[in-house]
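Survey of secondary and tertiary structure
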Amino acid sequence: MPVIRAPRGTRDRLPEEAAAWARAEAVAADLASRYGFERIETPLFETTELFVRGLGEGSDAVAKEMFRVGGAAGSEEEEPAWALRPEPTAGIVRAYLEHGLHVRPGPLRVWMLGPMFRYDRPQAGRYRQFTQWDVEVIGDPGPAVDAELIELASRFCTQVGLDDASIHLNSIGDAACRPAYRAALTAYFAPHRNALSEDGRRRLDTNPLRMLDDRTLDSGLAAAAPKSIDHLCDACRDHFAGVSGLLDRLGIVYELDHRLVRGLDYYTRTTFELFPPGRTGSQDALAGGGRYDGLVEVLGGPSTAGVGFGLGLDRVVLAMAQRGAPGEPSPALVAVVGTQPSDVAERLLVAGALREAGLRVRPDGSDRKLGRQLEAAAKLGARWAVIVGEELTRGAVVLRDLADGSQREIALDEVSSATRRNADS
Ligand code: AMP
């Protein structure tokens, strides 16, 4: 029978990657807590309407990449009412309004970690299911919090061993100044319409800002295009000066990137992305974020500021592996083996006691000879073997150091400290 394969664009996280994932997730949780964020989790699917309204009908996430979810098997609904979440912010803002979080003393600072789904063409670093660490602040107009979030994303990269990630920064204005900028872009690109790709022409008609992050766009044409930074209203210009001034004071190096417009309609003012060294294409970005001061209102709430970022953990883990960055260390493995084929119950009891004492333990449940059990323990990568034998009647076992083959009898309740002491030395 043919072997069944995973769906295209998905990845299995195999045990070899576990230490890097554990490191990335631990750093994310630790930093989120130290920056004063609380955890939130929202469902993996939401009503399609949430994304259509929140992200905009014309956004790629809605127009091209939405993973629609049908109803129950056999249901005859023509238009599935739900979609797997392509990004976290719309769901978080929905929860914020649904549970009345906006009436609490603000601003709300929350984080989330979990899978996102985009029905995109799969390629290296671009999956149909991927994991994001997401950080959002709702109800804080900034600019200090914009700088704080950029610093947080950068600190995360440093702490997982990607300390030379580069930060790209831009401001795309707001409802007051963006219409004029949009018009300037349309006027600039219109005479070149025939030189544009089909996708470029579609972007020109639906969302001219997105012309700039079309990687097929001629680089000369892109470089000479009007820059959003030259079209900001006074309030947006002040905000941007605030963010960049604070980053300077914090010693955070960033690059102005006029082509950084972000894919979703809800962004206003600050946009930023982080890239691993030598990479600048949007499909290489480790993280992307920005301000979304209009989103809460679009989703039916009061006018409320918002800012956040999503950091792609799949790309982070790949970059860590390429860089040889260390993962989360796991404690030394202790194998529990026995001198008698019939002492399996004693091995399980000893394993239980050692786990109770905090050790990482794998008992051998087989009836193999002791020598074979020890060989198997070494192959598994165990650092220690605890040999259960007649000493157990006096509360003792034999502790064998699998690195040098030395062994000695030791009281069972001293095994934990003996193995740790040695691991520390
Ligand atoms: P975005 O909001 O699209 O900028 O996504 C934020 C981050 O999530 C990106 O910088 C990537 O690291 C990651 N990401 C986005 N889309 C994908 C994808 N299809 N596959 C893997 N990672 C992704």
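Residues numbered from 1 in each chain as written. Predicted model: local features only at pLDDT ≥ 70, side-chain atom pairs only at ≥ 80, totals over all residues. Heavy atoms only, no water.

**With respect to the domain arrangement of the chain**
For the chain, the assigned domains read domain 1 (15–177 + 232–323) and domain 2 (333–424). Just the C-alpha atoms count here: the centres of domain 1 and domain 2 sit 47 Å apart. (Domains from an automatic or database assignment.)

**A short note on the site of the ligand**
Taken together, the neighbourhood of the ligand is formed by 14 residues, with Arg-118, Tyr-127, Arg-262, Ala-285 and Leu-286 sitting nearest. In the model, an oxygen atom of the ligand is placed 2.7 Å from a nitrogen or oxygen of the Arg-118 side chain. Between the ligand and Gln-132 there is a distance of 3.1 Å, counted from an oxygen atom to a side-chain nitrogen or oxygen. In the complex, the protein chains occlude 91% of the 470 Å² of accessible area that the ligand would expose alone. For the shell around the ligand, the elements supplying multiple residues, two or more each, are strand 6 (129–138), strand 10 (287–291) and strand 11 (306–312). Of the residues belonging to the shell around the ligand, the class tally is 5 nonpolar, 5 polar and 4 charged. (Near = heavy atom within 4 Å. Polar contact = N/O pair within 3.5 Å; in protein donor to acceptor, adjacent residues only side chain to side chain. Areas by Shrake-Rupley, 256 points an atom, 1.4 Å probe, with all protein chains shown as cover. Helix = DSSP H or I, 4+ residues; strand = E, 2+ residues; numbered from the N terminus. Nonpolar A, V, L, I, M, F, W, Y, C, P; charged D, E, K, R; others polar.)

**Notes on a nonpolar patch on the surface**
Residues Leu-44, Phe-45 and Trp-82 make up a contiguous nonpolar surface patch of about 260 Å² in total accessible area. Mapping Phe-45 onto the fold places it in strand 2 (residues 45–47). (Patch = residues over 30% accessible without salt bridge, like charges linked within 9 Å, V, L, I, M, F, W, Y side chains within 5 Å. Salt bridge = Lys/Arg side-chain N within 4 Å of Asp/Glu carboxyl O.)

**Brief notes about the packing of helix 5 (residues 144–159) against helix 9 (residues 234–250)**
Where helix 5 contacts helix 9, the two axes come as close as 8 Å, and the packing angle between them is 45°. Taken together, helix 5 and helix 9 sit at an angle that is classed as oblique. In the crossing of helix 5 with helix 9, the sense of the turn from one axis to the other is right-handed. Along its contact with helix 5, which presents Ala-144, Asp-146, Ala-147, Ile-150 and Glu-151, the element helix 9 presents His-239, Val-243, Leu-246, Leu-247 and Leu-250. Residue composition of the contact of helix 5 with helix 9, by class: 7 nonpolar, 1 polar and 2 charged. (Axes fitted to C-alpha atoms, helices over the stretch in contact; angles between N-to-C directions. Parallel < 35°, antiparallel > 145°, perpendicular 65-115°, else oblique. Left-handed = near helix turned anticlockwise from the far one by under 90°. Contact = heavy atoms within 4.5 Å.)

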